[in-house]
Amino acid sequence: MQLIRRGDTGPAVAEVRGALNALGMLADAGSADPADALFDGRCELAVRQFQQCRGLSVDGIVGPDTYRAITEARWHLGDRLLHYSAGRPIIGDDIASLQERLLELGYDAGFADGVFGQRTEAALRQFQRDYGLVVDGQCGPTTFRALQRLGRKVVGGRPQILREAMAMAAAGPHLMDKRVVIDPGHGGDDPGVRAGGLTEAAVVWDLAARLEGRLAAHGVTPYLSRGPDVARTNAERAEMGNATGADMFLSLHVDGHPNPLASGIATYHYGTGSAVTSTIGEKLAGLVHRELVARTGMRDCRIHGKTWQLLRWTRMPTVWVDLGYLTNPEDRSRLADPAFRDIVADGVLVAIQRMYFPEELDPPTGSYRMPAGLDGQ
Ligand SMILES: [Zn+2]
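Rules used in this analysis
Residues numbered from 1 in each chain as written. Predicted model: local features only at pLDDT ≥ 70, side-chain atom pairs only at ≥ 80, totals over all residues. Heavy atoms only, no water. Axes fitted to C-alpha atoms, helices over the stretch in contact; angles between N-to-C directions. Helix = DSSP H or I, 4+ residues; strand = E, 2+ residues; numbered from the N terminus. Parallel < 35°, antiparallel > 145°, perpendicular 65-115°, else oblique. Contact = heavy atoms within 4.5 Å. Nonpolar A, V, L, I, M, F, W, Y, C, P; charged D, E, K, R; others polar. Domains from an automatic or database assignment. Donors = N, O, S within 2.8 Å, 3.2 Å for Na, K, Ca; no water. Buried < 20%, exposed > 50% of the residue type's maximum accessible area, 1.4 Å probe, protein only. Salt bridge = Lys/Arg side-chain N within 4 Å of Asp/Glu carboxyl O. Left-handed = near helix turned anticlockwise from the far one by under 90°.

Okay, the packing of helix H2 (residues 41-54) against helix H3 (residues 64-73) next. Between H2 and H3, the least distance of the axes is 11 Å, while the angle of their chain directions is 85°. Judged on the interaxial angle alone, H3 and H2 are roughly perpendicular. For the pair formed by H2 and H3, the contact residues are Val-47, Phe-50, Gln-51 and Arg-54 on the first element and Thr-66, Ala-69, Ile-70 and Ala-73 on the second. When the residues that make up the contact of H2 with H3 are grouped by side-chain class, the tally is five nonpolar, two polar and one charged.

Encoded structure:
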């Protein structure tokens, strides 16, 4: 698609403005004639805000990733009839809400990825059968009301979480033969955050390479989601990760902020405000985060559950780390230091190992040293 950016006019801009307006991020009615719609400074600011809270690259430009996310975000459960369509699956935040609702109720709708697939349909049919509704596999007004009426009282077994926990327990404590996707953010013509002569894309690429070496030395098969100079959309990264069938997925980023005082590490896993959360993802996020905060002494910006596309679409426990602010002088000088990057890679490796330790063997945070790897290092 054509990029839509500041200064552009026309129907495509009108559509973006309309969507941002509907999301309450751009409070105006827009121009009456779509041909007159202008991508102005306020519109760019709203796009940036939207990108920030969706975990997209914050550049204020509407490219394919941002366009898809804006289109998906405008739907609320109940807005439209939802059903399975083999050729063109319906996608949107309303589907994710439906899936989360079904999961909360104990119906196996798979992962809440916001795509109405066959599994969503099967779960919906089961729900309709159990609650005496017309079994058509479609979420129309009657089914929607039934889902709402059940409120938050009825919460079932969340099969996805049980499956993840069982897979993890069955995997055993050894790292040998585990598979991990390392996802260095940005790349190619998308540098990510830029400050003081460093780019996010280059910093996280180097961290990924250090981590890759350590994992391989301990018998783990690492997969990198991109090459050193390649850009990929988050959807492509998730798809690539899913295709590997990996045990976990680690997305590496650094943050940036106009205020140079903003600093620290924040870690994200899949989760919503409601009961649905990937507890294995949450556990991995906790281990990675605490190891990194303990080992680096950087400010603790905590762990957060998010429904970002990458976290939603990956089918394994996925953790997204923002390793400090490139726009903060102190964080930046650390991130520039190869010795610091080694500490980060060591911390992540230990966190991955701790995922597989049974509780009684789990060492205190910041204390564990990996035994020598296969290469004796
Ligand atoms: Zn980033």
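What follows covers the domain arrangement of the protein chain. Per the domain assignment, the segments making up the protein chain are domain 1 (11-73), domain 2 (93-157) and domain 3 (162-361). Averaged C-alpha coordinates put domain 1 and domain 2 at centres separated by 30 Å.

Protein-derived ligands of the zinc ion are His-186 (NE2), Glu-200 (OE) and His-253 (ND1), with the metal-ligand distances lying across 2.1 Å. Between consecutive donor residues of the zinc ion, the sequence gaps follow H-x13-E-x52-H. Highlighted residues: His-186 in the loop between strand E1 (179-184) and strand E2 (194-195) and His-253 in strand E5 (residues 248-255), separated in sequence by 67 residues. In this structure, His-186 and His-253 share a single accessibility class: buried.

Here we take up the pattern of salt bridges. On inspection of all chains with the given rule, the structure shows 19 salt bridges. A salt bridge links Arg-295 to Glu-291; its shortest N-O distance comes to 2.6 Å. Note that Arg-295 and Glu-291 are positioned in helix H10 (residues 279-296) at a spacing of four residues, about one turn of the helix. The buried category is assigned to Glu-291, whose relative accessible area is 0%.

So, on to the side chain of His-253. The exposure class of His-253 is buried, given its relative accessible area of 4%. Other than its neighbours up to four places away in sequence, His-253 contacts Gly-185, His-186, Glu-200, Val-204, Trp-320, Val-321, Asp-322 and Leu-323.

So, on to the packing of helix H8 (residues 200-217) against helix H13 (residues 338-356). Contact pair H8 / H13: the axes reach a minimum separation of 9 Å and the direction vectors enclose 50°. Put simply, H8 runs oblique to H13. As H8 packs across H13, the resulting crossing turns out to be right-handed. Of the residues in H13, those in contact with Val-203, Asp-206, Leu-207, Arg-210, Leu-211, Arg-214 and Leu-215 of H8 are Pro-338, Arg-341, Asp-342, Val-344, Ala-345, Asp-346, Val-348, Leu-349 and Ile-352.

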